[in-house]
Amino acid sequence: MRLLSAVRKSLILLLVSASVPVAFSSDDQVTAAARKGTLRAGVAKVEITDYAAGPVNDPSFVKALAISDGNLTAVMITVDAVAIGEIGRIGNTYLPSVRAELKKDGIKPEHLLINASHCHSVVRADVDQLTVQSVREALANMVPVRVGAGRGHEDRIMENRRLKMKDGSEVDMRRAYSMPNDEDVAAVGPVDPEIGLLRVDRMDGTPLALLYNFACHPIHGVPGGGNTADFPGFASKAIEQNLGDNVMAFFIQGCAGDINPAMYKTVHQLHDAEHYGNLLGLSTLQAARKIVPRDSSTLKVINEIVALPRGADLERRMESIQAEQAQIVQSLSGTNINLKTFLPLYVQQKVSEDFPAYYSQRYLHEKSQGRDALSKLDAENRASVEAYIRNIHAMEQLTRLQTNLNLLRMHLKQNQAAALSTVNVEICGIRIGDFVMVTFGGELTIEIGLAIKKRSPAHNTFVAGYTNGYIYYLPTEQQRSNSGYAQEDCDCIVAPEWQRLFDERTDSVLQRLAASE
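The notes below deal with the structure included here.

### Let's talk about the overall build of the protein chain
Then, number 1: Looking only at helices and strands, the protein chain has 13 helices and 19 strands in total.
Then, number 2: With the principal axes as the frame, the protein chain shows a C-alpha extent of 105 × 60 × 45 Å.
Then, number 3: By the burial criterion, 55% of the 517 residues in the protein chain qualify as buried.
Then, number 4: Counting contacts in the protein chain only where the partners sit at least 6 residues apart, residues at least 24 apart contribute 80% of the total.
Then, number 5: One way to put it: in the protein chain the 54 positive side-chain charges average out to a point 2 Å from where the 60 negative ones average out.

So, in structure tokens, the structure goes:
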């Protein structure tokens, strides 16, 4: 298996190397390096893996891309971690601490964008100091650059985890609980296969940085189960190996709230995020080759705070779940069998529907003697098996409801303890040449990101969640009121009307970013 894995990796790298040159083509030489109005950029990365936390499969990094037009300096930071505050190893003091320290270097707090890949890597406790180190190194390495924006396509590695049920509700796919019955599922939600690209080249045409925005939960894992940056780490590694030692790849997590890795629930094959990372890396490289970076002096950053209402209906939703649980419990029925006796009975009934208890010979013999005891036993056993299966499905439904009920309980306590009935969240917008991105501090679902792109006046508009903070899941208004109780609408602290406030402010930011100088 190791040999096959090595061969697969080699073939992928060979294919990528054959299709992407180490140095991208350039029209001009370094003579334009001092041209007035040219952007300058620098990159750096620092490893943040906590090796004391357990086995490590692959390293995690914090990376910094600093870019300046001579008057304004913006810094985009990517962290191989689950979130910027609130959950995971990175605490709520991280963002203000990093901003306060970098303010000493002339970086305004509102010009700093920190995106978590949302991988579940365990990072070092001093990740804030390591982040500052990466930014300072990037600032020290700045050179004149050309920039270009573009889009790639990858639709093989992800799937929407929300299932639209025939009764109008929605259920999500998690390893925390079972799937619903196949016959009850009507449809699945959308995905966004777009890869948003910002390519940054030195003036001699060699690549300095490739920023790629994509939406998918990095929770697939690796066969050994060790600490991992998941598919974004593998994708960035493939990109950097094929573009050369002096280039850095930056993964920016998109609206991945309801997007899982493909085949996330499989139990018949190993979960290997490296395969998905190689596919994403290859698709990113293929798209990057088509971008032609140009001279540009356009750099804009907009940072605003939006106050979103906290959910006032959490208790009501909890009561609805509890009422549904009580109804399901009432549907449970006693049977004469348990797991030990259920399994052989079920197999026998599936293998031989007409003669499950014994060979057909005995059934025919009993019939010839005017007896039907075996047939009556089969009928009793079938009824017991059917009841047992109904109980199993009820148990699975109870598990889904209980898991999401616990999330609502947690967030009810948080909202009750909060000093305000609103929660403040940063909306950040950045434009670098023709590249436009808007970011938000939560797990936006994919429909929100698709709608933003459609409404935006800028052609190359991309959306990132998990940036400059974390306020849990942010479903659409319709998803938030879902009667099926999925994680995205229960692991949520805001009211359904949050989306209208968010959309209005986001559209305003994008209009200003797209406006001419």
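### Some thoughts on the pairing of strand β14 (residues 299–309)
Then, number 1: For β14, the buried fraction is high: 8 of the 11 residues fall into the buried class.
Then, number 2: Relative to strand β15 (residues 422–432), β14 is paired through 11 bridges, and the arrangement is antiparallel. Looking at the pairing, Leu 308 lines up with Val 423 of β15.

### Comments concerning the pattern of salt bridges
Then, number 1: Applying the stated criterion across every chain, the model contains 30 salt bridges.
Then, number 2: For the salt bridge of Glu 194 with Lys 453, the shortest nitrogen-to-oxygen distance reads 2.8 Å. With a gap of 259 residues between them, Glu 194 in strand β10 (residues 194–202) and Lys 453 in helix α10 (residues 446–455) connect regions that are remote in the sequence. Per residue, the accessibility class of Glu 194 equals that of Lys 453, and both read buried.
Then, number 3: Glu 477 is paired through a salt bridge with Arg 500; the nearest N and O atoms lie 3.0 Å apart. On the criterion of sequence distance, the pair formed by Glu 477 in helix α11 (residues 477–480) and Arg 500 in helix α13 (residues 498–514) is long-range, its members being 23 residues apart.
Then, number 4: Look at Glu 477 and you get partly exposed, because its relative accessible area is 28%.

### Remarks on empty space enclosed by the protein
Then, number 1: Applying the stated criterion across every chain, the model contains 3 cavities of 30 Å³ or more.
Then, number 2: In this model, the largest cavity occupies a volume close to 80 Å³.
Then, number 3: If you trace the largest cavity, you find it lined by Asp 192, Glu 194, Asn 213, Phe 214, Ala 215, Gly 254, Cys 255, Ile 446, Gly 449, Leu 450, Lys 453 and Val 463.
Then, number 4: For the lining of the largest cavity, the secondary-structure elements that each account for two or more residues are β11 (207–214) and α10.
Then, number 5: Sort the elements by how many residues they give to the lining of the largest cavity and α10 lands first, with 4 residues.
Then, number 6: Looking at the lining of the largest cavity, its residues break down into 6 nonpolar, 3 polar and 3 charged.
Then, number 7: In this structure, the second largest cavity encloses a volume near 50 Å³.
Then, number 8: Every residue lining the second largest cavity is listed: Met 76, Ile 77, Leu 113, Asn 115, Ile 252, Met 437, Thr 439, Ala 464 and Thr 467.
Then, number 9: Contributing elements (two or more residues each) for the lining of the second largest cavity: β3 (73–79), β4 (112–116) and β16 (435–440).
Then, number 10: Partitioned by chemical class, the residues of the lining of the second largest cavity number 6 nonpolar, 3 polar and no charged.

### A short note on the layout of surface pockets
Rolled over the atoms, a probe sized like a water molecule indicates the empty space that remains.
Then, number 1: The calculated volume of the second largest pocket comes to roughly 500 Å³.
Then, number 2: In terms of lining residues, the second largest pocket is bounded by 25 residues, among which Glu 86, Val 423, Asn 424, Tyr 470 and Ile 471 are the most central.
Then, number 3: It is β15 that contributes the most residues to the lining of the second largest pocket, 5 residues altogether.
Then, number 4: Across the lining of the second largest pocket, the residue classes break down as 12 nonpolar, 10 polar and 3 charged.

### Notes on the packing of aromatic side chains
Then, number 1: One pass over the full model with this rule turns up 11 aromatic pairs.
Then, number 2: Its guanidinium or amino end placed over the ring of Phe 61, Lys 45 lies 4.6 Å from that ring's centre, counting from NZ or CZ.

### Here we look at the packing of helix α7 (residues 339–351) against helix α9 (residues 373–417)
Then, number 1: Two numbers describe how α7 lies on α9: the axes approach to 10 Å, and their chain directions differ by 115°. Considering only the axes of α7 and α9, their crossing is left-handed. The residues of α9 that touch α7, namely those facing Leu 339, Phe 342, Leu 345, Tyr 346 and Gln 349, are Asn 381, Arg 382, Val 385, Tyr 388, Ile 389 and Ile 392.
Then, number 2: Class assignment of the residues belonging to the contact of α7 with α9 gives a composition of 8 nonpolar, 2 polar and 1 charged.

### Considering the environment of Ala 235
Then, number 1: For Ala 235, the location among the structural elements is in helix α4 (residues 230–243).
Then, number 2: Measuring from C-alpha to C-alpha, the distance between Ala 235 and Thr 298 comes to 29 Å, with 63 residues separating the pair along the chain.
Then, number 3: Those residues in contact with Ala 235, other than ones at most four positions away along the chain, are Tyr 212, Gly 277, Leu 280 and Gly 281.

### A few points about the nonpolar core
Then, number 1: Counting residues in hydrophobic clusters, the biggest one holds 87 residues, and the most contacted among them are Val 79 and Phe 440.
Then, number 2: In terms of residues, this core owes the most to one element, helix α5 (residues 273–288), which gives 7 residues.
Then, number 3: Ala 74, Met 76, Val 145 and Ile 252 belong to the second-largest nonpolar core, a separate cluster that totals 29 residues.

The rules we used
Residues numbered from 1 in each chain as written. Predicted model: local features only at pLDDT ≥ 70, side-chain atom pairs only at ≥ 80, totals over all residues. Heavy atoms only, no water. Helix = DSSP H or I, 4+ residues; strand = E, 2+ residues; numbered from the N terminus. Buried < 20%, exposed > 50% of the residue type's maximum accessible area, 1.4 Å probe, protein only. Contact = heavy atoms within 4.5 Å. Lys, Arg positive; Asp, Glu negative; His and termini not counted. Charge placed at Lys NZ, Arg CZ, Asp CG, Glu CD. Pairing = 2+ DSSP bridges. Salt bridge = Lys/Arg side-chain N within 4 Å of Asp/Glu carboxyl O. 1 Å grid on protein atoms, 1.4 Å probe; cavity = no way out; pocket = protein on both sides within 12 Å on 5 of 7 lines; lining within 4 Å. Points joined across faces, edges and corners; volume = space filled by probe spheres on them. Nonpolar A, V, L, I, M, F, W, Y, C, P; charged D, E, K, R; others polar. Phe/Tyr/Trp six-rings, centres within 6.5 Å; stacked < 30°, edge-to-face > 60°. Lys NZ or Arg CZ within 6 Å of the ring centre and 35° of its normal. Axes fitted to C-alpha atoms, helices over the stretch in contact; angles between N-to-C directions. Left-handed = near helix turned anticlockwise from the far one by under 90°. Core = buried A, V, L, I, M, F, W, Y, C linked by side-chain atoms within 4.5 Å.

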